Amino acid sequence: MAYGQKILKGDAYKRAAIKRRHIRIRKRIAGTAERPRLVVTRSNRHIVAQVIDDLKGHTLASASTLDTSIRGGEGDKSAQAKQVGALVAERAKAAGVEAVVFDRGGNQYAGRIAALADAAREAGLRF
């Protein structure tokens, strides 16, 4: 009998693949005081972005679709992701952050993740 990873199906397979990719990404990148990490967490309904200094373990700025300024807003999920990207960039700049390292959290750089990143770049945050 061979020992190995259990064969998963459907959503469990997808979540495991995202987790594997996230671990692979986190081996290479880390946030510092000069360039904190912009972490994007995505669910089916919401998206959350945080700017984290990994050396101190502090969150410097955050924004999500659950914020009162964005919650219940107009548009589809990509439009809301753009609003989150602009808001997190604005809050990061207010906290004194000019450049970040982008952590897509194992998700593909497309759709809502790309919309958030593009909006943050347009708002003046450097990647």
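See the structure above.
In what follows, the accompanying structure is described.

About the cut-offs
Residues numbered from 1 in each chain as written. Predicted model: local features only at pLDDT ≥ 70, side-chain atom pairs only at ≥ 80, totals over all residues. Heavy atoms only, no water. 1 Å grid on protein atoms, 1.4 Å probe; cavity = no way out; pocket = protein on both sides within 12 Å on 5 of 7 lines; lining within 4 Å. Points joined across faces, edges and corners; volume = space filled by probe spheres on them. Helix = DSSP H or I, 4+ residues; strand = E, 2+ residues; numbered from the N terminus. Nonpolar A, V, L, I, M, F, W, Y, C, P; charged D, E, K, R; others polar. Phe/Tyr/Trp six-rings, centres within 6.5 Å; stacked < 30°, edge-to-face > 60°. Buried < 20%, exposed > 50% of the residue type's maximum accessible area, 1.4 Å probe, protein only. Patch = residues over 30% accessible without salt bridge, like charges linked within 9 Å, V, L, I, M, F, W, Y side chains within 5 Å. Areas by Shrake-Rupley, 256 points an atom, 1.4 Å probe, with all protein chains shown as cover. Salt bridge = Lys/Arg side-chain N within 4 Å of Asp/Glu carboxyl O. Lys, Arg positive; Asp, Glu negative; His and termini not counted. Charge placed at Lys NZ, Arg CZ, Asp CG, Glu CD.

Here we take up the layout of surface pockets. Think of a ball as big as a water molecule: rolled over the atoms, this probe shows where empty space is left. Looking at the largest pocket, its volume works out to about 200 Å³. Lining the largest pocket are Lys14, Ile18, Arg21, Arg42, Asn107, Gln108, Ala110, Gly111, Arg112 and Ile113. Every element with two or more residues in the lining of the largest pocket is listed here: helix 1 (11–26) and helix 3 (112–122). Here the element with the most residues in the lining of the largest pocket is helix 1; it accounts for three residues. Across the lining of the largest pocket, the residue classes break down as three nonpolar, three polar and four charged. Put simply, the second largest pocket is a space of about 160 Å³. Lining the second largest pocket are Arg15, Ile18, Lys19, His22, Val39, Val40, Thr41, Arg42, Gly105 and Asn107. Counting only elements with at least two residues in the lining of the second largest pocket, the list comes to helix 1 and strand 1 (37–42).

What follows deals with the packing of aromatic side chains. For the structure shown, the criterion picks out two aromatic pairs. On the numbers, 6.1 Å between centres and 90° between planes, the contact of Phe102 with Tyr109 is edge-to-face. Taking relative accessible area as the criterion, Tyr109 reaches 39% and is therefore assigned partly exposed. When the ring of Phe102 is compared with that of Phe127, the centres are 5.2 Å apart and the planes differ by 25°; the resulting orientation is stacked. Taken together, the residues Phe102 in strand 4 (residues 101–103) and Phe127 in the segment after helix 3 connect sequence positions 25 residues apart. Taking the relative accessible area as the measure of exposure, Phe102 reaches 17% and is therefore buried.

Attention now goes to a positive patch on the surface. Together, Arg20, Arg24, Lys27 and Arg28 make up a positively charged patch on the protein surface. Examined against the element boundaries, Arg20 turns out to sit in helix 1. For Arg20, a relative accessible area of 38% puts it in the partly exposed group.

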